[in-house]
Amino acid sequence: MAYSLETEIVAVEHDDQKHASVAPLYQSATFYQPGLNQMGDYDYTRSGNPTRSTLERHVAKIMGNAHAAFAVTSGMGALDVICRLIRLGDEVIAGDDLYGGSSRLLTYLRTQQGVTVHHVDTSKVSEVQKALNKHTRIVLLESPTNPAFKICDIPAVSAAVKQSEASQNDVLVVVDNTMMTPLAANPFELGADIWYESATKYLCGHHDVMAGVIAVQNEQLAQDIKFVINANGCGLAPFGCWLLLRGIKTLGVRFEKQQQNAVEVAKYLELVGPELQVPQFELKFPGFSGLPGYEVHKRTTSGVGAVISFRTHDIAISERLVDATKLFKISVSFGSVNSLISLPCKMSHASIDAQTRAERGFPEDIVRLCIGIENAQDLIDDLESAFRKTGILSR
Ligand SMILES: *Cc1c(COP(=O)(O)O)cnc(C)c1O
């Protein structure tokens, strides 16, 4: 790569014949053939569209100069495409603390389609090793997870996977890098075969598009994924591609400001935590040195992200807090320019049933903050007033 990533992110290359400064939107489902026996570059948008091609080339460039990248209708669409690489008899190893929707899709594969799925604590290499065997086809990793912020040593897990007997089964290390973005982590450098993200989050950055992106470094995988996307029809529609191209250009400044704000908010929480009248205050943030896995995160990434969570160990207090902020709106998702607050067990992770949450040790009282680009002090003031309103801060 000739330029730094920040520069590459802004430089969207396209080949418009009229030299438009912005890549044109080809809002067309079909394309005319030059003749009966002559094909143009495109025929049908499910199979390919110039706006999608521009986006996919751009995304490949910023996702570690990937061999190929693909844009699909959502992050879950991306995981569904990847799961279609599972063949009869293949097994999956996945984290026990995945994004709720990912967990739901894997549960469907396991209960309805007979796929063996091992959910293990991927923050421990030995747990992954125990589940590996000659049938393992996919090892699905997410680091950090949220809201629990489990950290996976992706290079160590990848190395263990490649050295195991699973390597005879074309095992694929698949990394969901949504929380880190291409700016803070390069899963290919950590040993991933497939890197995907929910582009609905930071890549888009404005919560106005649902999209997912998938990147690979080898031609066979690229062909297989291209085939699946054409077959199942989950390629991203032209307008979504155009909006995502527009959103991505500001990823650098947005993510930098969001991370700075997150560090400020986390510092405040670290300070105020011991003063709060709650059973136990527990901060979870990759930039907080008290987080288990902090060193691994620091070694394998170059950023802290902009999602923070904390526990009060009192679900009623957590519920009141979520209702008490003003700037932090109650919403699922993250990565947009606005700050959000949520109670994951009732929102993003409600698709995991309460019993499974309990079995996997998912805390019901955990509060998640998703930090936007507002003024950091305003965000801190909003939290402080919510703590007072909730009656857990007396100063
Ligand atoms: C949101 C999210 C997804 C799913 O993406 P959608 O675009 O909502 O389908 C997958 N993984 C992580 C980590 C996410 O945050």
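Residues numbered from 1 in each chain as written. Predicted model: local features only at pLDDT ≥ 70, side-chain atom pairs only at ≥ 80, totals over all residues. Heavy atoms only, no water.

> Please explain the packing of aromatic side chains as it appears in this structure.
By convention here, two paired aromatic rings are described through the distance between centres and the angle between planes. As enumerated under the stated definition, the model contains eight aromatic pairs in all. Ring geometry for Phe-239 versus Trp-242: centroids 6.2 Å apart, planes at 15°, classification stacked. Remark: Trp-242 and Phe-239 occur in helix α9 (residues 238-248); sequence separation between them is three residues, near one turn of the helix. (Phe/Tyr/Trp six-rings, centres within 6.5 Å; stacked < 30°, edge-to-face > 60°. Helix = DSSP H or I, 4+ residues; strand = E, 2+ residues; numbered from the N terminus.)

> What is the right way to read the sheet that holds strand β12 (residues 366-370) from this model?
By way of backbone hydrogen bonds, the strands of a sheet pair with one another, either parallel or antiparallel. Reading across the sheet, the five strands line up as β8-β9-β12-β11-β10 and stay open at both edges, with mixed pairing between neighbours. A single partner strand is all that each edge strand has here, and the edge strands are β8 (282-284) and β10 (329-330). Two strands pair when backbone bridges link them, and β8 and strand β9 (residues 307-311) are joined in this way by three bridges, in the antiparallel orientation. Across the sheet, the residue bridging to Lys-284 is Ser-309, located in β9. (Pairing = 2+ DSSP bridges.)

> It is not clear to me how the packing of helix α2 (residues 50-62) against α9 should be interpreted in this structure. Could you clarify?
Helix-helix packing is described using two parameters, namely the angle between the two axes and the distance between the axes. In the contact formed by α2 and α9, the axes pass within 8 Å of each other and the chain directions differ by 35°. Crossing handedness for the pair α2 and α9: left-handed. Here α2 contributes Thr-51, Arg-52, Thr-54, Leu-55, His-58, Val-59 and Ile-62 to the contact with α9, which in turn contributes Pro-238, Cys-241, Trp-242, Leu-244, Leu-245 and Ile-248. Classifying every residue of the contact of α2 with α9 by side-chain character gives nine nonpolar, three polar and one charged. (Axes fitted to C-alpha atoms, helices over the stretch in contact; angles between N-to-C directions. Left-handed = near helix turned anticlockwise from the far one by under 90°. Contact = heavy atoms within 4.5 Å. Nonpolar A, V, L, I, M, F, W, Y, C, P; charged D, E, K, R; others polar.)

> Help me understand α2 in this model?
For an α-helix the count is 3.6 residues per turn, leaving residues at separations of three or four pointing the same way. Taking 1.5 Å as the rise per residue, α2 with 13 residues should run 18 Å; its terminal C-alpha atoms sit 19 Å apart, in good agreement. Counting buried positions along α2 yields 12 of 13 residues, so the element is predominantly enclosed. Those residues of α2 that sit buried are Pro-50, Thr-51, Arg-52, Ser-53, Thr-54, Leu-55, Glu-56, His-58, Val-59, Ala-60, Lys-61 and Ile-62. Taken together, the buried residues of α2 touch α1 (5-10), β1 (68-72), α7 (181-184), β6 (194-198), β7 (212-216) and α9. N-cap assignment for α2: the residue whose side-chain oxygen lies 2.8 Å from the backbone N of Thr-51 is Asn-49. Positive phi shows up at Gly-64, right after α2, with a value of about 60°. (Expected span 1.5 Å × (residues − 1). Buried < 20%, exposed > 50% of the residue type's maximum accessible area, 1.4 Å probe, protein only. Polar contact = N/O pair within 3.5 Å; in protein donor to acceptor, adjacent residues only side chain to side chain.)

> Explanation requested: the sheet that holds β6 in the structure shown.
Pairing within the open sheet is mixed, and its seven strands lie in the order β1-β7-β6-β5-β4-β2-β3. Where the open sheet ends on each side, the last strands, each with one partner, are β1 and β3 (116-120). Across the sheet, the axes of successive neighbouring strands diverge by a mean angle of 20°, strand direction being ignored. Where β1 and β7 come together, five bridges link them in antiparallel fashion. Across the sheet, the residue bridging to Val-72 is Gly-212, located in β7.

> For this particular structure, what's the right way to read the site of the ligand?
Within the structure, the ligand sits among 13 residues, and Gly-75, Asp-176, Ser-198, Thr-200 and Lys-201 are positioned closest to it. Interatomic distance of 2.8 Å between a backbone N/O atom of Met-76 and an oxygen atom of the ligand. Contact distances for the ligand include 2.8 Å between an oxygen atom and a side-chain N or O atom of Ser-198. In the complex, the protein chains occlude 94% of the 380 Å² of accessible area that the ligand would expose alone. A breakdown of the residues in the shell around the ligand according to their chemical character gives five nonpolar, five polar and three charged. (Near = heavy atom within 4 Å. Areas by Shrake-Rupley, 256 points an atom, 1.4 Å probe, with all protein chains shown as cover.)

> Would you mind showing me how to read helix α4 (residues 100-113) here?
For α4, built from 14 residues, the straight-helix expectation of 20 Å at 1.5 Å per residue is met to within 8% by its first-to-last C-alpha distance of 19 Å. Where α4 is concerned, the buried positions are Gly-100, Gly-101, Ser-102, Ser-103, Leu-105, Leu-106 and Leu-109. Once α4 finishes, Gly-114 follows within two positions and takes phi at roughly 70°, a positive value.

> I would appreciate a short explanation of unusual backbone geometry in the present structure.
Backbone phi values are negative for most residues with the exception of glycine, while trans is the configuration of most peptide bonds. Look at the link from Ser-143 to Pro-144: it is a cis peptide, with omega at -10°. Along the polypeptide, Pro-144 turns up in the loop between β4 (136-142) and α6 (154-163). Of the consecutive residues Asn-146 and Pro-147, the connecting peptide bond is found in the cis state with omega at 5°. For Pro-147, the position within the fold is in the loop between β4 and α6. Even without a glycine there, the phi angle at His-19 is positive, about 60°. According to the relative accessible area criterion, His-19 is exposed, its value standing at 70%. The phi angle at Thr-181 is positive, at roughly 65°, despite the residue not being glycine. Residue class for Thr-181 comes out buried when judged on its relative accessible area of 0%.

> Is there a simple way to explain the environment of Leu-190 in this structure?
Summarising the element assignment, Leu-190 is placed in the loop between α7 and β6. For Leu-190, a relative accessible area of 13% gives the class buried. Taking the C-alpha atoms as reference points, Leu-190 and Ser-21, separated by 169 residues in sequence, lie 36 Å from one another. Look past the residues within four positions of Leu-190 in its chain and what remains in contact with it is Ile-154, Pro-155, Ser-158 and Thr-300.

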